[in-house]
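# Topology and contacts: notes
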Amino acid sequence: MAGGTSDISELDQEKYDADERVKVICLGDSAVGKSKLMERFLMDGYRPEQLSTYALTLYKYTTTVNGKAVLVDFWDTAGQERFQSMHPSYYYKAHACIMVFDVQRKITYKNLANWYKELREYRPEIPCIVVANKIDADMKVTQRNFNFAKKQGLPLYYVSAADGTNVVKLFKDAIKLAMSYKQNSSDFMDEVMRELENFELEQKEESSDKEENVSKDEKTNLP
Amino acid sequence: MEFVAKRCGVKFDPPSIILVYEDRKTKKIRQRVMPVRNFSKFSDCSQAAERLKNNARHRAYLEGVPLRQLERLHDVLRDHLRGRTLEESLASLRLDPDQDLNKLSDEELARKKAQMDELFERNRKRKEDPDFVYDLEVEFPKGDDQETCSWDEDESEDGF
Ligand SMILES: Nc1nc2c(ncn2[C@@H]2O[C@H](COP(=O)(O)OP(=O)(O)OP(=O)(O)O)[C@@H](O)[C@H]2O)c(=O)[nH]1
Ligand SMILES: [Mg+2]
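Residues numbered from 1 in each chain as written. Chains lettered and ligands numbered in written order. Predicted model: local features only at pLDDT ≥ 70, side-chain atom pairs only at ≥ 80, totals over all residues. Heavy atoms only, no water.

## Here's the deal with the side chain of B:Asp79
Residue and element names in this part refer to chain B.
- Within the element layout of this structure, aspartate 79 appears in helix α3 (residues 67-81).
- A distance of 2.9 Å separates the side chain of aspartate 79 from the side chain of arginine 111, its partner in a polar contact.
- With near-sequence residues (within four places) excluded, aspartate 79 lies in contact with Arg84, Ser89, Ser92 and Arg111. (Helix = DSSP H or I, 4+ residues; strand = E, 2+ residues; numbered from the N terminus. Polar contact = N/O pair within 3.5 Å; in protein donor to acceptor, adjacent residues only side chain to side chain. Contact = heavy atoms within 4.5 Å.)

## Re the sheet that holds strand β2 (residues 49-51) of chain A
Residues and elements named next belong to chain A.
- Pairing in this open sheet of seven strands is mixed, and the strands run β2-β3-β4-β1-β5-β6-β8 from one edge to the other. Two strands bound the open sheet, and with one partner strand each, they are β2 and β8 (156-158). Across the sheet, the mean angle separating the axes of adjacent strands is 25° when strand polarity is ignored.
- Relative to strand β5 (residues 96-102), helix α4 (residues 112-122) is tilted by about 165°, and along the sheet it contacts β1 (21-28), β5 and β6 (128-133).
- This element, helix α6 (residues 167-184), spans β1, β3 (56-65), β4 (68-77), β5, β6 and β8 of the sheet and lies at about 125° to β1. (Pairing = 2+ DSSP bridges. Axes fitted to C-alpha atoms, helices over the stretch in contact; angles between N-to-C directions.)

## Details of the site of ligand 1
- In the vicinity of ligand 1 there are 22 residues, among which A:Lys34, A:Gly79, A:Asp136, A:Ala161 and B:Asp117 approach most closely.
- One finds residues of chains A and B in close proximity to ligand 1.
- Separating an oxygen atom of ligand 1 from a backbone N or O atom of B:Met116 is a distance of 3.3 Å.
- B:Asp117 is positioned with one of its side-chain polar atoms (N or O) 2.5 Å from an oxygen atom of ligand 1.
- For ligand 1, the accessible surface in isolation is 650 Å², of which the surrounding protein chains cover 95%.
- Mapped onto the shell around ligand 1, the elements with two or more residues apiece are α1 (34-42) of chain A together with α5 (106-123) of chain B. (Near = heavy atom within 4 Å. Areas by Shrake-Rupley, 256 points an atom, 1.4 Å probe, with all protein chains shown as cover.)

## Looking at the nonpolar core
- A:Phe74, A:Met99 and A:Phe101 are the most contacted members of the largest nonpolar core, which totals 70 residues.
- The greatest single-element share of this core, amounting to nine residues, is contributed by α6(A).
- If we skip the residues at most four places from it in the chain, A:Met99 touches A:Leu27, A:Leu112, A:Trp115, A:Tyr116, A:Cys128, A:Ile129, A:Val130, A:Val131 and A:Phe148.
- Counting residues in each nonpolar core, the second largest holds 17 residues, with B:Ile17, B:Met34, B:Ala48 and B:Leu73 among its members. (Core = buried A, V, L, I, M, F, W, Y, C linked by side-chain atoms within 4.5 Å. Buried < 20%, exposed > 50% of the residue type's maximum accessible area, 1.4 Å probe, protein only.)

## Things to note about the packing of aromatic side chains
- Tallied over the full model, the rule gives 20 aromatic pairs over all chains.
- Note on A:Phe41 and A:Tyr61: the rings are 4.7 Å apart at their centroids and 55° apart in plane angle, and the pair reads as tilted. Of this pair, A:Phe41 sits in helix α1 while A:Tyr61 sits in strand β3, and the two are 20 residues apart along the sequence. This pair shows no difference in class: A:Phe41 is buried, exactly as A:Tyr61 is.
- Grouping aromatic residues by their ring pairs yields a cluster made of A:Phe101, A:Tyr109, A:Phe146, A:Tyr158, B:Phe140 and B:Trp151.
- Above the face of the B:Trp151 ring, A:Arg144 is positioned so that its terminal group lies 5.0 Å from the ring centre.
- It is B:Arg32 that lies over the ring of B:Tyr61; its NZ or CZ is 3.8 Å from the centre. (Phe/Tyr/Trp six-rings, centres within 6.5 Å; stacked < 30°, edge-to-face > 60°. Lys NZ or Arg CZ within 6 Å of the ring centre and 35° of its normal.)

## Structural notes on the interface of chain A and chain B
- Listed as interface residues are 47 residues of chain A and, on the opposing side, 39 residues of chain B.
- With both sides pooled, the region where chain A packs onto chain B buries about 4000 Å², and carbon together with sulfur makes up 52% of that total.
- Scanning the region where chain A abuts chain B turns up two salt bridges.
- In this structure, the connection of chain A to chain B is made through 15 residue pairs in polar contact (both at pLDDT 80 or more). (Buried area = accessible area lost by both parts, 1.4 Å probe. Salt bridge = Lys/Arg side-chain N within 4 Å of Asp/Glu carboxyl O.)

## Quick notes on α5(B)
- Between the first and last C-alpha of α5(B) there are 25 Å, a value that for 18 residues agrees with the 26 Å anticipated at 1.5 Å per step.
- At B:Met116, α5(B) is deflected by roughly 30°, the largest bend along its length.
- The complete set of buried residues in α5(B) reads B:Glu108, B:Leu109, B:Arg111, B:Lys112, B:Gln115, B:Met116 and B:Phe120.
- For α5(B), the elements touching its buried residues are α1 of chain A together with α3 and α4 (86-92) of chain B. (Expected span 1.5 Å × (residues − 1). Bend = angle between axes of the 7 residues up to and from the residue.)

Printed below as a string of structure tokens:
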């Protein structure tokens, strides 16, 4: 894939505080179709930036919401277990989450509970959409009620990255949710972060280890 | 097509790919053994498959065999060179809906995805297709008549 390779600590995540920027993350088991969904939404207009050390791919997308230009960063990672150590920085400052399972594999549905639990540890308030992907393989699943979403009070979208059903709607809605969360949130975690950032800044005048502060913040201050 | 491919297989010693085919002219079923040369446990299976498919002597016979299938046969040969049993090897090439794919190595995961790709490509709508719609929205009506998902039946165990 195109794009440069860099380390996650080089990522400036403070930029997500700017009004016109949002971060949307994708979660879900290996091979549920997270990357295929991204690619279907962005078609050929995408410039993925691969961070190979963490199997992390960033997709940048520009759009307008209510007449305002918005730059969206979609974060996509591998579902494989050995990448799970990167998660604190993955969740950091995310404004919305797209959580995917594969309608052909029950285990990926059952695992939603784990993904969701982890998401809420780091981001207790952000909007989250549950996605039933691969409905092209078996349209009958759209008649089925998946209780997980209902129980958690989350919207459920039936989609197919293969034939495109509801993919664009999913991403557009996710962006809208991210924007409105950002404008209205009084997320406690965000406040804590902000204070800590200020604290870090003051400290930095003495010692300047800029690279580290993102991950350090998270490790010491998240539950 | 002069030859109609019927079945494929492998032979481990020496590493070879076997094709059972029908000769259109004679209507006879025949078997062809194609040794895989310069092949080791470090070889790239997709390259090796391509090499075989384009081999001047075998090309005509392999016309009806998809490249992906040849690649899988090479996977089996290479697994054997790496000390894997045939059973393990075949299992890694099959999709088991209950298997947790989060625990696989990159290579094993790629095999599973290659299997999934067959359906994906079949159902895929491309930009070039005349009926392609970028923003394809379909509403699936919600109602009380919706079936409860059997995946939710053992709910209490999982706590959701
Ligand atoms: N039939 C069908 N297959 C799909 C669909 N989306 C993805 N697939 C298949 O699923 C495979 C895995 O998709 P990926 O997008 O790589 O999955 P992922 O969630 O990004 O996986 P990791 O990055 O490994 O966690 C693909 O190779 C496709 O073959 C879909 O909508 N329909
Ligand atoms: Mg992926």
